[in-house]
Structure formats: C-alpha cells, structure tokens
Amino acid sequence: MRYIYSCQTDVGAVRENNQDSLVVKSLNLGKHMVVFAAVCDGVGGLSHGERASRTSVEMLSSWFDYELPQILEQSPAEPVLRYRFRQLLSEINREIYNGNLRSGVSSATTLTALLLWDYHYLAGHVGDSRIYKIDYDVQQLTRDHSWVAQEVAMGRMTAHQAAIDTRQNIILKCMGAEPEVEPDVFEGRIREKTVFVLCTDGFWHHVDAREWIRQFSPAVIKEEKHLAENLYFMAEQVKQRGESDNITAIAIDVF
Amino acid sequence: MEYYVLSQTGGREINEDCAGVAETDQGFCCILADGLGGHDHGEVASALVTDLGTTLFQETCQAGTVRLQDYLEQCFQKGQEELVALQKEKESEMKTTLVVLAAFGNQIQWGHVGDSRLYQFRNGRLVRRTLDHSVPQMLVMTGEIRERDIRGHEDRNRLLRVMGADEKRLRYELSEPEVWDEHQAYLLCTDGFWELIEEKQMVQALNVSETPRQWLEHMEQEVLKNGQGKNMDNYTAVGIFLGTEVRRKKFFGLF
C-alpha cells in the first residue's frame with residue numbers, strides 16, 4: 001500500500017488572514033507507511049482563531065512525530081492508539097480552553113484528522129470541516145456539527161435549503177469552547193485506489209458530488225502533481241463561485 | 001557505519017553503565033547495559049554482558065556467517081547463564097539491563113531486556129523505539145498514564161524483566177530483522193540519559209549534526225541542562241549512523 005499526497009491553503013478572495021491550519025506528513029516504518037493529515041478552521045475575532053487552529057495542528061503533529069512510533073510498537077497497537085487519540089483530542093480542547101481563560105479571549109477551531117496505516121484508517125472530528133472518501137463514488141465520512149446539518153438530520157430542512165441557508169456558519173461543537181468536548185472518533189478499512197480529501201468549509205461549500213469524482217477519482221490521479229494541480233484548480237473555482245472564507249484542503253491517494 | 005559512545009558517571013560514585021561496539025568486515029554489534037544493584041557490583045554485571053556480546057560477535061564472524069537471530073538469542077541466554085553463575089560465586093544479586101543491536105551483510109536486528117532503550121530514526125525522523133520492561137510502560141499500555149508521564153514516574157525503577165533475575169526463563173524481546181538502510185540512525189541509551197531528554201530534542205539534535213559525535217554532544221548538553229540540581233544517574237548513549245545521514249524531509253505544512 002502506497003500513498004501520495006498534496007495540500008492547498010488559500011486566504012480566499014475576501015479575508016485578510018488565514019485562520020485555517022493544516023498538516024500532512026508520513027512516516028516510513030519499513031514494512032509500511034503511516035500517513036497523517038489534519039485540517040483545522042479557526043473561529044474567533046482578530047487572530048485568535050488562527051491561534052486555536054495552529055495550536056491544534058502543532059499538538060497533533062507533535063503527537064504523530066514523537067508518540068505514535070511508540071504506540072505502533074505495542075501489540076496489539078489498535079486499542080492503545082484509539083484510547084490515546086481520544087485523549088489527545090481532549091488535551092487539545094483543554095489547552096485551547098485554558099488558553100482562552102488565561103488571555104480573556106474566545107477562540108476555537110474545528111478539527112478533522114485522519115490517520116492511515118496498513119489497511120486501516122482512524123479519524124477524529126469536531127466541527128464542520130470534512131473528510132471525503134472517493135473511489136468510484138464519493139462518500140462524506142464526517143457529519144457536520146452545524147445547525148443546518150442538525151436541521152437536515154431532523155427532517156426540518158432539505159439538503160438544498162441547507163446549502164443556501166444564511167445560518168450555515170453556526171457550528172454546534174468546536175475545540176476550545178467548552179472545558180470538555182465529545183469528538184466523533186471512528187475507524188474503518190481502506191482499500192487501494194481510494195482518495196481521501198480533508199477540507200474546511202470554504203472548500204466544500206461550492207463543490208458537488210460529480211466534481212469530487214471528476215477531480216479526485218483515483219482513476220484520474222497518477223502522480224503527486226495531479227493532486228496538487230487539481231487542488232489548486234478547485235480552490236480557484238471555489239473563489240470564482242463567490243466563496244469568501246479561507247480555503248484549505250488535503251488530498252491523499254492510496255494505491 | 002559511524003558511531004560514537006558517551007558514558008558518564010553523573011552524580012554517582014561509580015558508573016554501572018557499560019557500552020561496547022565490535023566491528024568486522026561484514027557487520028557490527030553495539031551493546032549497552034545498565035547495571036543494577038547499588039553496592040552489589042552492578043558494574044560487574046553490565047561489563048560481563050557487554051564483553052560477552054562483543055566477543056561472541058567477533059568469534060561468530062570469524063567462524064563464517066552470522067545469523068542475527070541466533071547471535072542475539074545467544075547474547076541473552078549465555079549472558080543470563082554466566083551472570084547467574086557469577087551471582088552464585090560472589091553471593092551477589094547483581095543484575096543488568098541489556099540492549100543489543102547487530103548487523104551482518106544487509107540485515108540489521110536488535111533485542112532488549114529492561115528499560116534501556118533503542119531508538120530508530122530514518123531520514124531524520126523518529127521511527128520506533130523499544131518498549132521498556134517497566135511498570136510505567138505497562139501503565140501506558142493499559143491507558144492509565146500517558147507516554148510522557150513515564151519520565152519522572154515514581155515507579156520508574158521497577159523493572160519487570162532484567163538480566164540476572166531469578167526466573168526459570170529469561171524473557172527478552174527481539175525485533176524483526178530489517179534491511180540495512182543508509183538513511184537510518186540509531187540511539188541506544190540508558191534511563192539516566194533518556195529520562196533527561198525528550199524525543200523531540202533527540203530529533204532536533206540529529207537534524208543539526210553531521211556526525212554521531214556531534215549528535216551525542218548536542219544531546220548531552222540538553223541532558224546536563226535538564227539534570228541541573230538533580231542527583232544525576234549514570235548516563236550512557238551510543239549514536240550510530242548507518243550511512244552518511246541524508247536528511248530528506250517528506251512533509252508539508254509548517255511543522
């Protein structure tokens with residue numbers, strides 16, 4: 001099982017600062033590769049949101065670099081991994097929350113992270129950033145913790161109504177707003193010839209299912225540069241369609 | 001292969017740590033042991049297993065091909081036998097930890113008993129470390145404490161496996177054999193060393209070092225800084241570069 005990946009982040013057409021943060025990196029264990037990716041979309045005035053998303057990504061990254069090798073050494077590794085990953089998300093939440101208390105500001109961030117190794121994936125998710133899994137079809141792996149998504153789930157709103165609703169930016173759950181957070185943590189099997197895309201809402205708002213498949217189907221991705229080009233192309237498209245938010249995405253091709 | 005050995009008494013009266021390297025045309029072995037026993041001659045136990053391992057390697061090489069698995073097993077089994085015999089002779093309870101890294105041809109493999117560690121790095125990134133046979137490491141496995149809480153844990157001196165313990169069968173742990181890779185670096189170290197330096201600093205030091213000697217000297221500064229005002233244990237480390245470190249960083253993002 002091999003991987004190629006690329007990423008794209010853009011301040012967007014309107015905003016002055018980029019409150020999104022991302023990380024994507026891999027570790028070569030000899031026998032197999034481990035890939036880790038995360039996107040965070042900071043929420044909060046001035047540069048506060050930026051700080052929250054950056055803190056999250058730094059903590060995730062440091063965990064991947066210095067603790068994960070030790071976890072993967074355990075046998076079986078999965079129970080320890082699952083447990084520690086959940087713990088890490090609550091540590092990040094608390095770090096941002098306590099930071100807010102100390103400095104008297106309110107900042108928060110969405111957090112969507114994906115770990116891929118040896119036919120498994122493990123994902124952690126809070127907020128309205130998303131993970132898409134694209135093979136012959138496109139599937140949204142995460143559910144948005146947003147008000148409109150809740151309304152759609154309750155049957156009080158259609159997907160179409162939600163997509164044009166002005167209250168799309170209301171999120172019900174994020175990192176740093178409360179002392180405790182309950183993230184969605186889920187896992188599954190992966191197969192070759194799959195592309196995963198992690199993105200913030202600035203990216204996904206204006207992209208429909210057919211476009212995901214057209215741009216990121218494993219059939220069209222042959223090398224890293226295709227991922228980079230298609231991410232760039234989509235980000236430009238999204239801006240032209242009137243997106244004002246920061247635009248961030250990571251694409252990982254498993255083959 | 002390049003290596004450098006560092007061994008210091010710290011704040012103690014005697015240095016019970018021991019390290020040795022033997023090189024032949026076709027391979028090398030690197031051995032590190034941390035003698036336990038206070039006034040009970042821990043330094044004799046660590047020297048015994050170290051000398052035995054290096055001598056055994058040279059003898060096996062002279063005799064022809066070294067099968068790494070066999071060599072490693074002998075290091076632990078013979079070491080245990082001789083140590084138990086010496087304990088009886090001296091009416092002593094001296095014990096020691098043991099880490100052995102050995103390479104022959106294009107294969108490389110290692111084994112360990114106790115809480116001395118082996119860290120493996122590839123392309124300037126931490127890839128794996130051996131898991132301590134200690135109470136705090138068990139607590140990490142059961143999710144009771146986090147990995148970083150091992151350092152300074154009150155039970156950190158309680159070892160679950162050690163050379164010279166009164167057991168019917170010595171339980172040592174061997175790695176899978178790996179293929180020699182020029183981009184790998186190894187660090188073998190006793191707890192007096194790793195207690196005072198975090199993995200992040202090991203990696204940072206590695207990435208600014210041209211030689212194993214520089215690497216260890218950078219790390220020693222960190223160890224001494226963190227050990228200030230404490231009654232420092234003996235600290236011993238061996239740094240090994242399999243080839244000239246080629247640092248190719250494969251990650252995006254900021255961290």
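Since the structure is predicted, the reported quantities are computational estimates derived from the model, not experimental observations. (Residues numbered from 1 in each chain as written. Chains lettered and ligands numbered in written order. Predicted model: local features only at pLDDT ≥ 70, side-chain atom pairs only at ≥ 80, totals over all residues.)

Could you give an account of the overall build of chain B, with specific residues and numbers?
Looking only at helices and strands, one finds six helices and 13 strands in chain B. For chain B, whose C-alpha radius of gyration is 18 Å, the value lies close to the compact-globule estimate of 18 Å for 255 residues. Seen through its C-alpha atoms, chain B measures out along the principal axes to roughly 60 × 50 × 35 Å. In chain B, buried positions account for 46% of the 255 residues. (Helix = DSSP H or I, 4+ residues; strand = E, 2+ residues; numbered from the N terminus. Rg over C-alpha atoms; globule rule 2.2 N^0.38 Å. Buried ≥ 20, exposed ≤ 12 C-beta atoms within 10 Å, placed from the backbone.)

Please set out the overall build of chain A residue by residue, giving values where relevant.
Secondary structure summary: chain A contains eight helices and 11 strands in total. Computed over its C-alpha atoms, the radius of gyration of chain A comes to 18 Å, within 12% of the 18 Å expected for a compact globule of 255 residues. Each of the three principal axes of chain A carries a C-alpha extent, and together these read 50 × 45 × 35 Å. For chain A, with 255 residues in total, the buried portion stands at 49%. For chain A, the proportion of contacts with a sequence separation of at least 24, taken over those separated by at least 6, is 71%. (Contact = placed C-beta atoms within 7 Å.)

Before we move on, can you summarise the environment of E217 of chain B with the specific residues and values?
All names here are of chain B. Along the chain, the position of E217 falls in helix α6 (residues 212-227). The class of E217 is partly exposed, set by 15 C-beta atoms lying within 10 Å. When the C-alpha positions of E217 and A205 are compared, they lie 8.9 Å apart, and in sequence the two are 12 residues distant.

So what's going on with the environment of G11 of chain B? Which residues, and what values?
For G11 of chain B, the location among the structural elements is in the loop between β1 (2-8) and β2 (17-23). Sequence separation between G11 of chain B and Y235 of chain B is 224 residues; the distance between their C-alpha atoms is 9.8 Å.

Break down the interface of chain B and chain A for me, with residues and values.
Interface size is often expressed as the accessible area that is lost when the parts come together. Each partner contributes residues to the interface: chain B has 18 residues there, and chain A has 23 residues. Residues belonging to the side of chain B that touches chain A are distributed by class as follows: seven nonpolar, two polar and nine charged. (Nonpolar A, V, L, I, M, F, W, Y, C, P; charged D, E, K, R; others polar.)

Outline the sheet that holds strand β7 (residues 117-122) of chain B, listing residues and values.
Each strand in a sheet pairs with its neighbour through backbone hydrogen bonds, running either in the same direction (parallel) or in the opposite one (antiparallel). All names here are of chain B. With respect to topology, five strands assemble into an open sheet ordered β1-β12-β11-β7-β8, the strand pairing being antiparallel. Every interior strand has two partners, whereas the edge strands, β1 and β8 (125-129), have only one. Put simply, the sheet's adjacent strands are angled 15° from each other on average, direction ignored. One ladder, built from four bridges, connects β7 with β8; its direction is antiparallel. In the strand pairing of β8, Q120 is matched with R128. Relative to strand β12 (residues 235-241), α6 is tilted by about 150°, and along the sheet it contacts β1 and β12. (Pairing = 2+ DSSP bridges. Axes fitted to C-alpha atoms, helices over the stretch in contact; angles between N-to-C directions.)

Could you give me a rundown of the sheet that holds strand β8 (residues 138-140) of chain A, with the residues and numbers involved?
Residues and elements named next belong to chain A. Judged by pairing direction, the sheet is antiparallel, and its five strands sit side by side in the order β1-β11-β10-β7-β8 without closing on themselves. The open sheet has two free edges, formed respectively by β1 (3-10) and β8, since each of these has just one partner strand. Averaged over all neighbouring strand pairs, the angle between strand axes comes to 15°, with direction disregarded. Relative to the sheet, helix α7 (residues 209-216) contacts β7 (130-134), β8, β10 (194-199) and β11 (247-254), its axis offset from that of β7 by approximately 65°. Running at roughly 25° to β1, helix α8 (residues 224-240) makes contact with β1 and β11 of the sheet.

I'd like to hear about unusual backbone geometry, residue by residue, with values.
The peptide bond linking S75 of chain A to P76 of chain A adopts the cis configuration, its omega dihedral lying at 0°. Structurally, P76 of chain A can be placed in the loop between α2 (68-73) and α3 (78-103). Phi is positive for Y119 of chain A, which is not a glycine, with a value near 70°. Counting through the fold element by element, Y119 of chain A comes out in the loop between β5 (111-117) and β6 (120-126). Backbone geometry at H41 of chain B places phi at a positive 65°, although glycine is not the residue there. If you trace the backbone, H41 of chain B turns up in the loop between β3 (27-36) and α1 (42-63). Of the residues examined, H41 of chain B has 20 C-beta atoms within 10 Å and is grouped as buried.

Break down the nonpolar core for me, with residues and values.
Counting 70 residues, the largest nonpolar core has A37 and I250 of chain A as the members making the most contacts within it. Ranked by residues supplied to this core, first place goes to strand β3 (residues 33-43) of chain A with eight residues. (Core = buried A, V, L, I, M, F, W, Y, C linked by C-beta atoms within 7 Å.)

So what's going on with α3 of chain A? Which residues, and what values?
Counted at 1.5 Å a residue, the expected span for α3 of chain A with its 26 residues is 38 Å, and the 37 Å between its end C-alpha atoms agrees. Where α3 of chain A is concerned, the buried positions are V80, R84, F85, L88, L89, I92, N93, I96 and Y97 of chain A. Elements that come into contact with the buried residues of α3 of chain A comprise α1 (48-66), α2, β4 (108-109), β6 and β9 (184-189) of chain A together with α3 (135-141) of chain B. The first or second residue beyond α3 of chain A is G104 of chain A, which carries a positive phi of 70°. (Expected span 1.5 Å × (residues − 1).)

For the environment of N231 of chain B, give the residues involved together with the corresponding values.
Residue and element names in this part refer to chain B. Along the polypeptide, N231 turns up in the loop between α6 and β12. Under the C-beta neighbour-count criterion, N231 is labelled exposed, with 8 such atoms within 10 Å. For the pair formed by N231 and E82, sequence separation is 149 residues and the distance between their alpha carbons is 32 Å.

I'd like a description of helix α2 (residues 68-90) of chain B, backed by residues and values.
All names here are of chain B. For α2, built from 23 residues, the straight-helix expectation of 33 Å at 1.5 Å per residue is met to within 8% by its first-to-last C-alpha distance of 32 Å. For α2, the set of buried residues is L68, Y71, L72, C75, F76, G79, Q80, L83 and Q87. Along its buried surface, α2 packs onto α1, β5 (98-104), β6 (107-113) and β9 (173-174).

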